[in-house]
Amino acid sequence: MKIKLIMTGKTNAGWIGDGFATYRERIGHYANFSTTEIPDLKNAASLSRDTIRTKEGEALLKNIVPTDYVILLDERGKEFTSAEWASRLSDRLSHFSSDIVFVIGGAYGFSEAVYARANEKLSLSRMTFSHQMVRIIFAEQLYRAFTIIKGEPYHHE
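Definitions and limits used
- Residues numbered from 1 in each chain as written.
- Predicted model: local features only at pLDDT ≥ 70, side-chain atom pairs only at ≥ 80, totals over all residues.
- Heavy atoms only, no water.
- Helix = DSSP H or I, 4+ residues; strand = E, 2+ residues; numbered from the N terminus.
- Rg over C-alpha atoms; globule rule 2.2 N^0.38 Å.
- Buried < 20%, exposed > 50% of the residue type's maximum accessible area, 1.4 Å probe, protein only.
- Contact = heavy atoms within 4.5 Å.
- Areas by Shrake-Rupley, 256 points an atom, 1.4 Å probe, with all protein chains shown as cover.
- Right-handed = clockwise from strand over helix to strand, strands pointing away.
- Pairing = 2+ DSSP bridges.

## So, the overall build of the protein chain
Per the secondary structure count, the protein chain includes five helices and five strands. Helices (α) and strands (β) of the protein chain occur, in sequence order from the N terminus, as β-α-β-α-β-α-β-α-β-α. Computed over the C-alpha atoms, the radius of gyration of the protein chain is 15 Å, within 12% of the 15 Å expected from 2.2 N^0.38 for a compact globule of 157 residues. The dimensions of the protein chain, computed from C-alpha atoms along their principal axes, are 50 × 35 × 25 Å. Looking at the protein chain residue by residue over its 157 residues, the buried ones come to 41%. Taking all contacts inside the protein chain whose residues are at least 6 apart in sequence as the whole, residues at least 24 apart take part in 84%. Element-wise, carbon and sulfur atoms account for 48% of the exposed surface of the protein chain, whose accessible area totals about 8800 Å².

Below, the structure is given as structure tokens:
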């Protein structure tokens with residue numbers, strides 16, 4: 001089983017890229033973890049929000065196979081504490097063989113086609129974060145979940 005993260009757009013802030021790289025490396029000690037970055041759309045300023053969502057959705061869906069278990073990082077998703085999230089992840093890793101694919105959408109969210117393909121939605125907070133910030137926040141929480149699963153001291157309750 002693999003864990004994949006598909007992200008829309010590039011990160012311009014070096015510190016976000018550096019922080020994300022740190023957690024991506026740490027996660028690699030626990031799981032086969034890969035990332036895919038969908039390029040920004042060309043001439044996006046001249047497109048409507050619906051068109052942007054549709055085109056980004058098409059690009060996202062090209063990176064998902066039928067057997068993938070798809071979890072959208074979405075503000076309307078289910079919220080968990082870190083310990084609850086670790087338990088949920090552990091259960092999924094123990095009982096299912098399909099790859100888990102997490103998806104971070106663009107600034108305008110997901111298309112209806114992406115929502116239709118999703119198996120579930122996960123919210124990192126009731127607050128809204130930029131799609132660039134979500135990368136590092138999610139990566140830290142995924143790393144934290146693995147340390148909780150393994151009983152390591154990173155997470156303190």
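Moving on from the coordinates now.
## So, the side chain of R144
By the element assignment, R144 lies in helix α5 (residues 131-149). Residue classification places R144 among the buried positions, given a relative accessible area of 17%. Residue contacts for R144: discarding those within four places in its chain leaves S82, Y154 and H155.

## Structural notes on the pairing of strand β1 (residues 3-8)
If a strand is regular, its side chains alternate between the two faces of the sheet. Among the six residues of β1, six are classified as buried, and the element is accordingly described as predominantly covered. Burial along β1 is two-sided: the face carrying I3, L5 and M7 and the face carrying K4, I6 and T8 are both buried. A crossover connection joins β1 to the parallel strand β2 (residues 33-38) through helix α1 (residues 14-27); in handedness this β-α-β unit is right-handed. Where β1 lies against strand β4 (residues 100-104), five bridges are found, and the strand directions are parallel. What sits directly across from I6, in β4, is V103.

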